[in-house]
Amino acid sequence: MSTTVTADIEVDVPVRVAYDQWTQFETFPEFMSGVDAIRQVDDVTTHWVVSIGGVTREFDADVSDQVPDDHVAWHSTTAEVDHRGRVVFRPVSSDRTRLDVTLEWEPQGFVEEAGAALGFDDRQVDHDLRRFKEFIESREVPTGTWRGEVHGGGAAAATTGTGASDSDGVVGQDPDLRP
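Since the model is a prediction, treat every value here as computed from it, not as a measurement. (Residues numbered from 1 in each chain as written. Predicted model: local features only at pLDDT ≥ 70, side-chain atom pairs only at ≥ 80, totals over all residues. Heavy atoms only, no water.)

Just checking my understanding: could you explain the pattern of salt bridges for this structure?
Two side chains of opposite charge can pair, provided their charged atoms sit close to one another. What the rule picks out here adds up to 12 salt bridges. R16 is the partner of D20 in a salt bridge, and the nearest nitrogen-oxygen pair spans 3.6 Å. A residue pair is termed a helical-turn pair when its members lie 3 or 4 positions apart in one helix, as D20 and R16 do in helix α1 (residues 15-22) at four residues. Note on R16: relative accessible area 40%, which makes it partly exposed. (Salt bridge = Lys/Arg side-chain N within 4 Å of Asp/Glu carboxyl O. Helix = DSSP H or I, 4+ residues; strand = E, 2+ residues; numbered from the N terminus. Buried < 20%, exposed > 50% of the residue type's maximum accessible area, 1.4 Å probe, protein only.)

See below:
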């Protein structure tokens with residue numbers, strides 16, 4: 001049985017700062033409990049090491065869709081771990097951003113299934129989002145940036161920062177994202 005968690009938070013930084021920090025996957029252990037390490041393999045692939053309920057797991061994940069200052073979505077590519085998620089970034093004002101997070105995974109074993117059933121997963125995601133808020137608000141600037149786009153698992157050229165591609169104003173292949 002799949003577990004889905006949705007959560008949101010508002011952070012007191014511009015949307016570009018919140019998005020740029022979120023795409024610095026290797027910093028996730030600084031604000032996400034249970035994430036021991038993330039290594040960026042290439043523009044779309046990351047390697048994760050997580051510890052949950054005393055069990056350590058490693059898996060790879062690919063970014064499946066990413067548009068600067070709008071959203072990033074990913075899914076695991078390793079058979080042992082079934083995990084996917086999406087974060088949507090929405091400006092509330094020029095210096096405040098709302099993050100809407102959706103995570104879905106298949107709990108494995110008694111500890112993970114019990115944790116999901118008791119709502120521990122929801123509380124953990126809320127806690128980690130509060131830690132992200134503290135992390136980015138205390139810094140005020142991201143630790144790095146990557147402004148490229150990903151559609152269908154393939155990276156595209158970096159954008160102008162307006163959400164439009166440099167060539168024709170079309171963001172990827174999704175007609176819903178056309179200006």
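Teacher, can you tell me more about the side chain of S76 here?
With respect to the secondary-structure elements, S76 resides in strand β5 (residues 71-76). In this structure S76 comes out as buried when scored by relative accessible area, which is 12%. Not counting the four nearest positions on each side in its chain, S76 is found in contact with F59, D60, A61, V81, D82 and H83. (Contact = heavy atoms within 4.5 Å.)

What am I meant to see in empty space enclosed by the protein here?
It is a probe the size of a water molecule, rolled over the atoms, that shows where empty space is left. This model, assessed by the stated rule, comprises one cavity of 30 Å³ or more. Forming the walls of the largest cavity are W22, F25, F28, T46, W48, A61, D62, V63 and W74. Every element with two or more residues in the lining of the largest cavity is listed here: β3 (45-52) and β4 (55-67). Here the lining of the largest cavity takes three residues from β4, the largest share from any one element. Tallied by class, the residues present in the lining of the largest cavity amount to seven nonpolar, one polar and one charged. (1 Å grid on protein atoms, 1.4 Å probe; cavity = no way out; pocket = protein on both sides within 12 Å on 5 of 7 lines; lining within 4 Å. Points joined across faces, edges and corners; volume = space filled by probe spheres on them. Nonpolar A, V, L, I, M, F, W, Y, C, P; charged D, E, K, R; others polar.)

Got a minute to help me understand the environment of T77 in this structure?
Inspection of the secondary structure assignment puts T77 in the loop between β5 and β6 (83-93). Relative accessible area serves as the criterion here: at 41%, T77 is assigned to the partly exposed category. Residues within four places of T77 in sequence aside, it is in contact with D60, A61 and D62.

Explain the nonpolar core here, please?
Most often, soluble globular proteins keep nonpolar side chains buried together rather than apart. In this structure, V11, W22, F28, W48, V87, F89 and L99 are the most contacted members of the largest nonpolar core, which totals 37 residues. Aside from chain neighbours lying at most four places away, what touches V87 is W22, D70, H71, V72, W74, L99, D100 and V101. (Core = buried A, V, L, I, M, F, W, Y, C linked by side-chain atoms within 4.5 Å.)

What am I meant to see in the pairing of β6 here?
Regular strands place side chains that alternate from one sheet face to the opposite one. Bridge count for β5 against β6 is five bridges, and the pairing is antiparallel. Among the inter-strand pairings, W74 is bridged to a residue of β6, identified as G85. Pairing of β6 with strand β7 (residues 96-105) involves 10 bridges; the strand directions are antiparallel. From the neighbouring strand, V88 faces β7, where its bridge partner is D100. Remark: two residues form the turn of the hairpin made by β6 and β7, two consecutive strands paired antiparallel. (Pairing = 2+ DSSP bridges.)

Just to check I follow, could you spell out the packing of aromatic side chains for this structure?
Think of a pair of aromatic rings as described by two things: how far the centres are apart, and how the planes are tilted against each other in angle. Per the stated rule, a full pass over the model turns up 10 aromatic pairs. Ring geometry for F28 versus W48: centroids 5.9 Å apart, planes at 75°, classification edge-to-face. Within this pair, whereas F28 is found in the loop between α1 and β2 (35-40), its partner W48 is found in strand β3, the two being separated by 20 residues in sequence. The same class applies to F28 and to W48, which are both buried. Each ring, one from F31 and one from F132, has its centre 5.1 Å from the other, and the planes form 65°; the classification is edge-to-face. With a gap of 101 residues between them, F31 in the loop between α1 and β2 and F132 in helix α3 (residues 120-139) connect regions that are remote in the sequence. By relative accessible area, F31 is classed as buried at 1%. (Phe/Tyr/Trp six-rings, centres within 6.5 Å; stacked < 30°, edge-to-face > 60°.)

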